[in-house]
Amino acid sequence: MIKAKGFGVKSHGETFKPLEIERREVGENDVMIQILYCGICHSDVHQVRNDWGGSSYPIVPGHEIVGKITAVGKYSRDLKVGDYVGVGCMVDSCGECQSCKSGYEQQCDKETVWTYNSVDSLTGKTTFGGYSDIITVNSRFVIRIGTDKDLAGIAPILCAGVTTYSPLKKFGAGPGKHVAVVGLGGLGHMAVKLARAMGAEVTVLTSSESKQDDARRLGASRSIVYHNKEDIRKSGYSFDIIVDTIPANHDINTLISTLKPNGTLVLVGLPERSVKYSLSPPILMDSNRAIAGSNIGGIPETQAVIDFCVKNNIRSDIELISFSYLDKAYERIMNNDVKYRFVIDNSTI
Ligand code: NAP
Ligand code: ZN
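Every value quoted in this text rests on a predicted model; they were computed, and no experiment measured them. (Residues numbered from 1 in each chain as written. Chains lettered and ligands numbered in written order. Predicted model: local features only at pLDDT ≥ 70, side-chain atom pairs only at ≥ 80, totals over all residues. Heavy atoms only, no water.)

Undergrad: What am I meant to see in the nonpolar core here?
TA: For soluble globular proteins, the rule of thumb is that nonpolar side chains tend to be buried together. Counting 87 residues, the largest nonpolar core has Ile 33, Ile 40, Tyr 131, Val 179, Leu 194 and Leu 326 as the members making the most contacts within it. A domain split of this core shows at least three residues from each of domain 1 (2–158 + 297–348) and domain 2 (160–293). Ignoring sequence-local partners within four residues, the contact set of Ile 33 consists of Gly 67, Lys 68, Ile 69, Thr 70, Val 85, Val 87, Asp 133, Ile 134, Ile 135, Val 137 and Val 142. Grouped together as the second largest cluster of nonpolar side chains are 15 residues, Val 182, Phe 239, Ile 256 and Leu 265 included. (Core = buried A, V, L, I, M, F, W, Y, C linked by side-chain atoms within 4.5 Å. Buried < 20%, exposed > 50% of the residue type's maximum accessible area, 1.4 Å probe, protein only. Domains from an automatic or database assignment. Contact = heavy atoms within 4.5 Å.)

Dropping the structure here:
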């Protein structure tokens, strides 16, 4: 094993501290990456707080990783030392089941190995994420970044980007379609940029007065600040696709009522485990509406969204921070005070 530096939380409720961690040696299918930047996803916050249950400590989060390859194994595709690459939410899967073969490694029949808080199938040890200096990853899970321009703004595309790109593609966002994005945060602001770049009309539903101008700057033709259900209900029968990124309990029936006939509400926000939504069936049936969930995206989709963003010069709007700011950043995410993604400068380790 190789010694590495990480920043993590040793047990539930503690603050971030420097931790000594280990990475596996570079195997024949692996690459070693020097991490340059890592985004902070709200899922990191949920897992550090154990909102979903099942967090194991110590936890070193981070699944929006951008870095430079420093070593390659014998069979590491055609990746080379010096290449700029990304790693998202997954670092391994069986590679043989139907889901893996179809490019949906996040649905692996056997086991998806998550970038952190998971078990490394080769070493049997806990995986640690991108709040660190280096990482060893199976080359199948490494995304090529065809540029060295604005790399910090690319990091959030590895999760926030692909998580919104995947359902936008699946449900046909494009010219003639109207997409609503609910919650203008890390995922939401990427959804606006991506849907607009795909040619769709975009409306933002936000609870924050201060984000109205940004919504338009990011590409929305309209933004609606809502304070209650009535403010949302006024948009009845407007949207073909709703991308709902809210990380807390809320009323999905009101959102469904704003779908056009045959429209789809896609849930991507993942509140704490105890949250249950209640559904009023006629709201769905009346206009053949649908409700769907979407979990990140597979490796081919992650490569596709990176290529799409590089081609269209799309980056995340970020606030670059050092490791010493992590606790404050988490507090600010909890207080809905980030425009629109914190990204760690990993050289500050
Ligand atoms: P974020 O940056 O904190 O943004 C969430 C946005 O939702 C906020 O900016 C805010 O937007 C709105 N919001 C926050 N709290 C709210 C509340 N109590 N009621 C109503 N609106 C609220 O979070 P994120 O990184 O985008 O992640 C959003 C959610 O998606 C999290 O639950 C995360 O775990 C989940 N996620 C899921 C996947 C997946 O694969 N499905 C992947 C990544 C993340 P406004 O100020 O505009 O209202
Ligand atoms: Zn994430």
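Back to the text.
Undergrad: Would you take a moment to explain the coordination of the zinc ion (ligand 2) for this structure?
TA: For a metal with four donors in a tetrahedral arrangement, the ideal angle between donors is 109.5 degrees, while six donors in an octahedron ideally sit at 90 or 180 degrees. Donor atoms from the polypeptide that bind the zinc ion (ligand 2) are Cys 41 (SG), His 63 (NE2) and Cys 159 (SG), placed at 2.0 to 2.2 Å. For His 63, a relative accessible area of 6% translates into the label buried. (Donors = N, O, S within 2.8 Å, 3.2 Å for Na, K, Ca; no water.)

Undergrad: When you look at the site of ligand 1 in this model, what are you seeing that I'm missing?
TA: Lining the immediate surroundings of ligand 1 are 30 residues, of which His 42, Thr 206, Ser 207, Ser 208 and Arg 341 lie closest. At a separation of 2.8 Å, an oxygen atom of ligand 1 approaches a polar backbone atom of Gly 186. For ligand 1, an oxygen atom lies 3.3 Å from a polar atom in the side chain of Asn 295. Taken by itself ligand 1 offers 920 Å² of open surface, and the protein chains cover 88% of this. Those elements that provide at least two residues to the shell around ligand 1 are helix 1 (42–48) and helix 5 (186–197). The dominant element in the shell around ligand 1, judged by the number of residues it contributes, is helix 1, at 3 residues. By residue class, the composition of the shell around ligand 1 is 13 nonpolar, 15 polar and 2 charged. Counting residues domain by domain, the shell around ligand 1 receives three or more from each of domain 1 (2–158 + 297–348) and domain 2 (160–293). (Near = heavy atom within 4 Å. Polar contact = N/O pair within 3.5 Å; in protein donor to acceptor, adjacent residues only side chain to side chain. Areas by Shrake-Rupley, 256 points an atom, 1.4 Å probe, with all protein chains shown as cover. Helix = DSSP H or I, 4+ residues; strand = E, 2+ residues; numbered from the N terminus. Nonpolar A, V, L, I, M, F, W, Y, C, P; charged D, E, K, R; others polar.)

Undergrad: Got a minute to help me understand the domain arrangement of the protein in this structure?
TA: Considered domain by domain, the protein is made up of domain 1 (2–158 + 297–348) and domain 2 (160–293). Listed by partner, the interface residues are 24 residues for domain 1 and 27 residues for domain 2. For the pair domain 1 and domain 2, the two sides together bury roughly 2,100 Å², of which 58% comes from carbon and sulfur. Among the residues of domain 1 in contact with domain 2, Trp 52, Phe 308 and Tyr 340 are the three that bury the most area, contributing 29% of the side total. Taken together, the links from domain 1 to domain 2 amount to 2 salt bridges. Lys 193 is paired through a salt bridge with Asp 317; the nearest N and O atoms lie 2.6 Å apart. Linking domain 1 with domain 2 are 21 residue pairs in polar contact (both at pLDDT 80 or more), by the criterion used here. When residues of the side of domain 1 that touches domain 2 are traced back to their parent elements, those giving at least two are helix 1 and helix 10 (299–311). Counting residues per element, the side of domain 1 that touches domain 2 draws most heavily on helix 10, which supplies 6 residues. In terms of residue class, the side of domain 1 that touches domain 2 is made up of 10 nonpolar, 7 polar and 7 charged. (Buried area = accessible area lost by both parts, 1.4 Å probe. Salt bridge = Lys/Arg side-chain N within 4 Å of Asp/Glu carboxyl O.)

Undergrad: So what exactly am I meant to see when it comes to the pattern of salt bridges here?
TA: Once the charged atoms of two side chains with opposite charge are near each other, the side chains can pair. Applying the stated criterion to the full structure yields 20 salt bridges. The shortest N-O distance in the salt bridge between Lys 125 and Glu 22 comes to 3.3 Å. Here Glu 22 lies in strand 2 (residues 17–23) and Lys 125 lies in the loop between strand 7 (113–114) and strand 8 (134–138), a separation of 103 residues in the sequence.

Undergrad: Explain the environment of Thr 203 to me, please; I cannot follow it from the model alone.
TA: Along the chain, the position of Thr 203 falls in strand 11 (residues 201–206). In this structure the C-alpha to C-alpha distance between Thr 203 and Lys 177, which are 26 residues apart in sequence, comes to 11 Å. If near-sequence neighbours (up to four positions away) are discounted, Thr 203 is found in contact with His 178, Val 179, Ala 180, Val 181, Arg 222, Ile 224 and Phe 239.

Undergrad: Just checking my understanding: could you explain the side chain of Thr 136 for this structure?
TA: Secondary-structure assignment places Thr 136 in strand 8. According to the relative accessible area criterion, Thr 136 is buried, its value standing at 9%. Contact partners of Thr 136, with chain neighbours within four places excluded, come to Arg 23, Arg 24, Glu 25, Val 26, Asp 30, Val 31 and Met 32.

Undergrad: Quick question: what am I supposed to make of the sheet that holds strand 12 (residues 222–225) here?
TA: Spatial strand order, 12-11-10-13-14-15: 6 strands in an open sheet with parallel pairing. The two strands at the open ends of the sheet, each matched to only one other strand, are strand 12 and strand 15 (290–293). Averaged over all pairs of adjacent strands, the angle between their axes in this sheet comes to 20°, without regard to strand direction. In terms of strand pairing, strand 10 (residues 178–182) meets strand 13 (residues 239–244) through 4 bridges, oriented parallel. Looking at strand 13, one finds that Val 179 is bridged to Ile 241. (Pairing = 2+ DSSP bridges. Axes fitted to C-alpha atoms, helices over the stretch in contact; angles between N-to-C directions.)

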